Amino acid sequence: MVSIRPGPVNVGGIQTPNHLLLAAGILGTTGASLARMLSYGAGAVVTKSIGPEPKDGHAGPCLAILDDGVLNAMGLPNPSKDFVEEISPLKGKPVIASIYGGNPEEFAMVAEWFRGSAAAIELNLSCPHAEGYGAAVGSDPHLVEACTLAVSRLGMPTWVKLTPNVTDITAIGKAAERGGASAIVAINTVKAMRISTGLRRPVLGNRYGGLSGKAIFPVAVRCVYELYESCHIPIIGCGGVSSADNVLEMMMAGAVAVEIGSAVYSDVRVFETIARTLYADDGVPAHDLVGCAHG
Amino acid sequence: MVSIRPGPVNVGGIQTPNHLLLAAGILGTTGASLARMLSYGAGAVVTKSIGPEPKDGHAGPCLAILDDGVLNAMGLPNPSKDFVEEISPLKGKPVIASIYGGNPEEFAMVAEWFRGSAAAIELNLSCPHAEGYGAAVGSDPHLVEACTLAVSRLGMPTWVKLTPNVTDITAIGKAAERGGASAIVAINTVKAMRISTGLRRPVLGNRYGGLSGKAIFPVAVRCVYELYESCHIPIIGCGGVSSADNVLEMMMAGAVAVEIGSAVYSDVRVFETIARTLYADDGVPAHDLVGCAHG
Amino acid sequence: MTLWGAPMGDQVPRTVTITGIRQETPTIRSFSFDSPFEFAAGQFVMVWVPGVDEVPMALSSANSITVQKVGDATTALFSLNTSDRIGIRGPFGNGFFQGEKMLAIAGGVGAAPLLPLARGDRAMTFLLGARTETELLFVDQLDECTDLQIATDDGSLGVQGFVTALFDDLNFGAYDRIVVCGPELMMRAVLGKVAEIGIEHRTEFTLHRYMKCGVGLCGSCCIDPSGLRVCRDGPVISGDLLIKSEFGQYMRDASGRKQKI
Amino acid sequence: MTLWGAPMGDQVPRTVTITGIRQETPTIRSFSFDSPFEFAAGQFVMVWVPGVDEVPMALSSANSITVQKVGDATTALFSLNTSDRIGIRGPFGNGFFQGEKMLAIAGGVGAAPLLPLARGDRAMTFLLGARTETELLFVDQLDECTDLQIATDDGSLGVQGFVTALFDDLNFGAYDRIVVCGPELMMRAVLGKVAEIGIEHRTEFTLHRYMKCGVGLCGSCCIDPSGLRVCRDGPVISGDLLIKSEFGQYMRDASGRKQKI
Ligand SMILES: Cc1cc2nc3c(=O)[nH]c(=O)nc-3n(C[C@H](O)[C@H](O)[C@H](O)COP(=O)(O)OP(=O)(O)OC[C@H]3O[C@@H](n4cnc5c(N)ncnc54)[C@H](O)[C@@H]3O)c2cc1C
Ligand SMILES: Cc1cc2nc3c(=O)[nH]c(=O)nc-3n(C[C@H](O)[C@H](O)[C@H](O)COP(=O)(O)OP(=O)(O)OC[C@H]3O[C@@H](n4cnc5c(N)ncnc54)[C@H](O)[C@@H]3O)c2cc1C
Ligand SMILES: Cc1cc2nc3c(=O)[nH]c(=O)nc-3n(C[C@H](O)[C@H](O)[C@H](O)COP(=O)(O)O)c2cc1C
Ligand SMILES: Cc1cc2nc3c(=O)[nH]c(=O)nc-3n(C[C@H](O)[C@H](O)[C@H](O)COP(=O)(O)O)c2cc1C
Ligand code: FES
Ligand code: FES
């Protein structure tokens, strides 16, 4: 396996010590837990998605661990504006505030809360199981462009996280690019469901949910690859990454860095674990690998 | 686990001895191999997709076995009209001819070839890796309706196989229904890619391919569930089915029967294996289970 | 025979059938079910009450939970009868670090995760507290297998006051591990006491925090300032890790907002 | 050290580096690579020539294939040098059913899957045929480890004619298994011969059919009338299953259309 030379990385307008970021919604509810993940080697951490109003989230079950993935429908539980205080002790650290809203104004309002406390904003335009939010907004290129613009004009690095549950993800990626995004994050979960044959009803309280983890890695690689062919802004790969080789594969598809979520289930220190194999002082510059599977 | 009472089943206009059908493109290239799968307990068999012209398919690699699924881009290799003779020895058997075309006329022409020799026609409007065919046609509700109509008016039972790679699968399902489909088959493979980090290029000759097998089961269940909520014609569940419990789950989501493909990799006698657990003389009528996870 | 729901390989919640319901106190019932779980005392499961919610409950034995009726999900559970079905995910969490000579301290329904310890003859002494005599949980069972000492707020049985009232007569030096489960203010009082004596590192507390995933992913149960996940790194947490913490001060609700305790 | 590509757990083709290239005959080369595969003689791998195609090749040893240049992919292979990389999936298929006293019969590049048998001292006698002397494969290696008998179409070495010309002097009764690999018409001639003597069930043939998936899913390699998958149920198939079959008559091309042999 090829190794990467360690060193600071510029990811979508922010500086991080490595290429391995904590994905949104994974241990992102408290400042302390985000700090813990930073201390465990995450290059940057994305918070739980924060919205204009506090939300308790969907009734349980909210999550099921499958053989090869995770099915969840948390329903965007979040403390809303209270969260600004949560992460204020992390000021100066590479903390990306994930935010959601139902329209450009809401996005701008929530983003504004994090001015000064977050290093970047990640727009959740992709959660597949929240009525009126997430993918409901994120499958419409016009709305995506407008929401992105509403945030990017505030002057903070603006990442846009895409849903794979669309006919053509590149149309959405290009909309984000037009809206002034600093980077695209691909992908959020794949819309899915499991049914309990014993109880004869969907396993999740919300019935529908999102699939993450190893099962979706080939879908995520495809999306990153497609986006790399049609967009010019940096892409952050997300979805099923669980090993150093997966990171290389995402990079070769076109990702400048990765976000890791479900793999935290098997190994809370997955960032350190991957870094040990991924980096070596005699490694190649990551830059040589990004997109090298194209052409 | 609940068991199902055995007995003949009516699936989208044809009669089959059980609920377990061989999916299109799996051991479907020769009449002999289809006959073998019938003798191994498949309730019906769907052929390799046949098109207006012979095709050699994509350059290899065409397939990779992943931990939890199969990635393929065969590229619709098929002998075209010669295939009619291939399956003529199977006349009277539950053989469904899968067909593809680039427009309604081509679909009608190919379907017409199989009049008399196939028990039903399955329209492949969903293959994710064939330029100008499959999902290229199948993501447009108008084209789906027109192609379905062109075939259904020939008077043969007409099944329409859908792609999950769309923003809203129910819009496509409803188009098939308007076109006069006798049944919907959901789903074809999920668009995906893997990259060889050793060779630094996509693993498949065609770069993009389709993911099948266990990894996509939660996606398939979701699609069947969604379609059951919005369509009125029977749904045949397909995607990652590999156990009797999976069959029950598909039924509870709304499927009247299932097609099985990738599971043949681990067990060429998977139909018999599943039937042994699924059926029992004191079982419930399947009909009690279909759609029972709704409401 | 395969168990109902088991073919899914426990991927999704296991379906179990309620085989027995026992009214333990006016507000607490034990529900036993047909399918036992391998577990360590202190571990919990996520209990899915179909159509309502999924909530964390300690296993009070391999095939039972013991539930206090407090809100929606628990009320719905109380409306179920034998032969009704529920879903169970788990067991989750770490369980107690077991010693040779253990002291167990329980308040209210907090006796649930401690019962398996006592029934396994692991608890030398068991301090049991409740508001009033009728709310004392598992008295008969505990009496059989451990040196049971009782306190009630109203003095209707045992010593009057919180369980801490039983401390004065206790020789803490006689125990190598102390395990505690009960209302958080009671547990915080215990922590104060054991910290005074300097044995907080030998004392373990079973924390209750809002749990959604139960497996260490969602972050809803994390505590300050360590960021430890109560569902995965706990629910049993050593006293020394709790002294300078939110424990006894505040916790978070379903949305993640802080709530005073 | 993990092998290059190995971290994928052989999910996707393993990347191997060519470490040696040997010109065996004017049209045949052996390519050895850095990473050996556990295999049984007769099994094959799918060889990915990047940017060109993926084609089936027998393993001529744990870390080599032996290739005849016939078309696109094989020509591309011939253009590679040591330290170039290719992808390998496999090994696939069943391999030979091994006996105590085996007779091996090979024509042309068909000697490739039989070489490991001979080198493992499993072939008592080895009949080797080729068009002409210079096209005889592995003569030196085979000579070392088996009783090698040679036939060439033009008589430039050994008996003149097809390998079947060597049959007259052979006591078939001396062998418990006969394994055959070579051009299909040659193999069909052998089948005719062994069927005459009534030992077709002790004779195994290595079939070549158009292979795409290599793992028994796509159906492109299935033979009439059994529907057996050459890639998975074969490539080694017992003679009695081939007598009334397409074997020697026709095969299918990439599209599935029949082609006369
Ligand atoms: C590890 C652990 C083990 C537990 N073991 C037991 C037990 O053995 N017996 C028992 O009776 N209770 C136990 N509880 C508490 C039990 O989970 C709550 O009483 C139950 O969730 C209340 O649900 P409800 O819908 O009836 O109440 P609600 O009306 O929803 O809420 C009432 C209160 O219950 C708590 N609560 C609600 N939902 C949750 C949740 N998902 N996670 C955590 N707390 C919640 C909150 O503090 C809330 O304010 C345990 C809790 C935890 C974290
Ligand atoms: C199980 C098996 C083991 C084999 N082992 C060897 C070996 O050890 N050494 C060796 O030299 N050859 C071997 N072959 C034959 C080898 O696969 C073909 O020579 C090769 O595929 C030709 O590819 P090409 O692109 O160079 O030729 P092309 O120009 O593509 O075609 C030439 C001919 O090769 C055959 N062919 C092409 N592609 C395939 C394919 N995917 N599957 C099967 N046949 C194909 C067809 O008959 C075709 O007409 C084996 C074949 C099989 C099925
Ligand atoms: C429990 C859970 C909660 C999540 N919450 C959010 C969220 O709040 N916002 C968001 O954009 N993505 C959320 N996601 C999606 C992840 O950030 C990520 O996109 C997805 O899980 C795929 O990556 P993975 O396979 O590495 O987990 C969540 C995922 C999980 C499993
Ligand atoms: C090797 C292979 C070839 C396939 N060929 C076709 C095809 O020709 N036509 C078609 O409609 N679907 C084709 N499919 C899709 C399957 O019919 C099925 O929809 C998909 O694999 C999901 O089911 P599974 O998970 O049970 O395999 C193919 C799938 C595989 C793996
Ligand atoms: S409940 Fe989700 S991390 Fe603990
Ligand atoms: S090559 Fe696909 S079944 Fe044999």
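Just so you know, these numbers come straight off a predicted model, no measurement behind them. (Residues numbered from 1 in each chain as written. Chains lettered and ligands numbered in written order. Predicted model: local features only at pLDDT ≥ 70, side-chain atom pairs only at ≥ 80, totals over all residues. Heavy atoms only, no water.)

1. So, the overall build of chain A
Consideration 1: A tally of regular secondary structure across chain A gives 10 helices and 16 strands.
Consideration 2: Here the C-alpha atoms of chain A give a radius of gyration of 17 Å, agreeing with the 19 Å that 2.2 N^0.38 yields for 295 residues.
Consideration 3: When the backbone C-alpha atoms are referred to their principal axes, chain A occupies close to 50 × 45 × 40 Å.
Consideration 4: Expressed as a percentage of its 295 residues, the buried residues of chain A come to 68%.
Consideration 5: Here the contacts in chain A between residues at least 6 apart in sequence split such that 71% fall between residues at least 24 apart.
Consideration 6: Of the accessible surface of chain A, which amounts to about 8,700 Å², a share of 49% is contributed by carbon and sulfur atoms. (Helix = DSSP H or I, 4+ residues; strand = E, 2+ residues; numbered from the N terminus. Rg over C-alpha atoms; globule rule 2.2 N^0.38 Å. Buried < 20%, exposed > 50% of the residue type's maximum accessible area, 1.4 Å probe, protein only. Contact = heavy atoms within 4.5 Å. Areas by Shrake-Rupley, 256 points an atom, 1.4 Å probe, with all protein chains shown as cover.)

2. A look at unusual backbone geometry
Consideration 1: Between Gly60(A) and the following residue, Pro61(A), the backbone shows a cis peptide bond with an omega angle of -5 degrees.
Consideration 2: Assignment of secondary structure puts Pro61(A) in the loop between strand 4 (44-46) and strand 5 (63-66).
Consideration 3: Looking along the chain, the bond that leaves Ala186(A) and enters Ile187(A) is cis, with omega of 15 degrees.
Consideration 4: Structurally, Ile187(A) can be placed in the loop between strand 10 (183-186) and strand 11 (190-192).
Consideration 5: Unlike most non-glycine residues, Arg207(B) shows phi in positive territory, near 65 degrees.
Consideration 6: Within the secondary structure, Arg207(B) sits in the loop between strand 13 (201-202) and strand 14 (209-212).
Consideration 7: The class of Arg207(B) is partly exposed, set by a relative accessible area of 32%.
Consideration 8: You will see that Phe138(C), though not glycine, has its phi angle at about 65 degrees, which is positive.
Consideration 9: With respect to the element layout, Phe138(C) can be found in the loop between strand 8 (123-130) and helix 3 (139-145).

3. Thoughts on the site of ligand 3
All names here are of chain A.
Consideration 1: Residues in close proximity to ligand 3 total 22 residues, the closest being Ala 24, Ser 49, Lys 161, Gly 240 and Ser 262.
Consideration 2: Here an oxygen atom of ligand 3 sits 2.6 Å away from a polar atom, N or O, in the side chain of Lys 161.
Consideration 3: Within the backbone of Ile 187, an N or O atom sits 3.1 Å from an oxygen atom of ligand 3.
Consideration 4: Protein chains bury 98% of the 610 Å² of accessible surface belonging to ligand 3 in isolation.
Consideration 5: Of the residues assigned to the shell around ligand 3, the class counts are eight nonpolar, 12 polar and two charged. (Near = heavy atom within 4 Å. Polar contact = N/O pair within 3.5 Å; in protein donor to acceptor, adjacent residues only side chain to side chain. Nonpolar A, V, L, I, M, F, W, Y, C, P; charged D, E, K, R; others polar.)

4. What about the site of ligand 2?
Residue and element names in this part refer to chain D.
Consideration 1: Around ligand 2, the surrounding shell holds 21 residues, and the nearest of these are Pro 56, Thr 66, Gln 68, Ala 73 and Thr 74.
Consideration 2: With respect to ligand 2, the backbone of Pro 56 contributes an N or O atom lying 2.7 Å from an oxygen atom.
Consideration 3: Note that an oxygen atom of ligand 2 is positioned 3.4 Å from one of the backbone N or O atoms of Asp 72.
Consideration 4: For ligand 2, whose unbound accessible area comes to 850 Å², protein coverage reaches 80%.
Consideration 5: Among the elements of the structure, strand 4 (53-61), strand 5 (64-68) and helix 1 (72-78) are those that each provide at least two residues to the shell around ligand 2.
Consideration 6: Of the residues contributing to the shell around ligand 2, the split by class is 14 nonpolar, five polar and two charged.

5. Examining the interface of chain A and chain C
Consideration 1: Contacts between the two partners involve 44 residues from chain A, matched on the other side by 40 residues from chain C.
Consideration 2: Here chain A packs against chain C, burying approximately 3,400 Å² in sum over the two surfaces, 59% of which is carbon and sulfur.
Consideration 3: Counting the surface chain A buries against chain C, the share from its top three residues, Arg36(A), Leu199(A) and Tyr265(A), is 17%.
Consideration 4: Where chain A meets chain C, there are two salt bridges. (Buried area = accessible area lost by both parts, 1.4 Å probe. Salt bridge = Lys/Arg side-chain N within 4 Å of Asp/Glu carboxyl O.)

6. As for the pattern of salt bridges
Consideration 1: According to the stated counting rule, one finds 38 salt bridges over all chains in the structure shown.
Consideration 2: Asp253(C) is the partner of Arg257(C) in a salt bridge, and the nearest nitrogen-oxygen pair spans 3.9 Å.
Consideration 3: The buried category is assigned to Asp253(C), whose relative accessible area is 16%.
Consideration 4: The partner of Asp233(D) in a salt bridge is Arg229(D), with the nearest N and O atoms 3.1 Å apart.
Consideration 5: When salt bridges that share partners are traced, they join Glu86(A), Glu184(C), Arg209(C), Asp224(C), Glu246(C) and Arg252(C) into one network.

7. Some remarks on the environment of Ser126(B)
Consideration 1: Turning to its location among the elements, Ser126(B) is positioned in the loop between strand 8 (120-124) and helix 4 (135-138).
Consideration 2: A sequence separation of 158 residues divides Ser126(B) from Val284(B), and the C-alpha atoms of the two residues are 34 Å apart.

8. Some thoughts on the domain arrangement of chain C
All names here are of chain C.
Consideration 1: With domains assigned, chain C is organised as domain 1 (14-92) and domain 2 (102-260).
Consideration 2: Each of domain 1 and domain 2 has a C-alpha centre, and the two are 20 Å apart.
Consideration 3: Opposite the 22 residues of domain 1 that make contact, domain 2 presents 19 residues.
Consideration 4: With both chains or domains summed, domain 1 and domain 2 bury close to 1,600 Å², and 65% of this area falls on carbon and sulfur atoms.
Consideration 5: The largest per-residue losses of area from domain 1 upon contact with domain 2 belong to Gly 42, Phe 44 and Ser 60, which jointly make up 25% of the total buried on that side. (Domains from an automatic or database assignment.)

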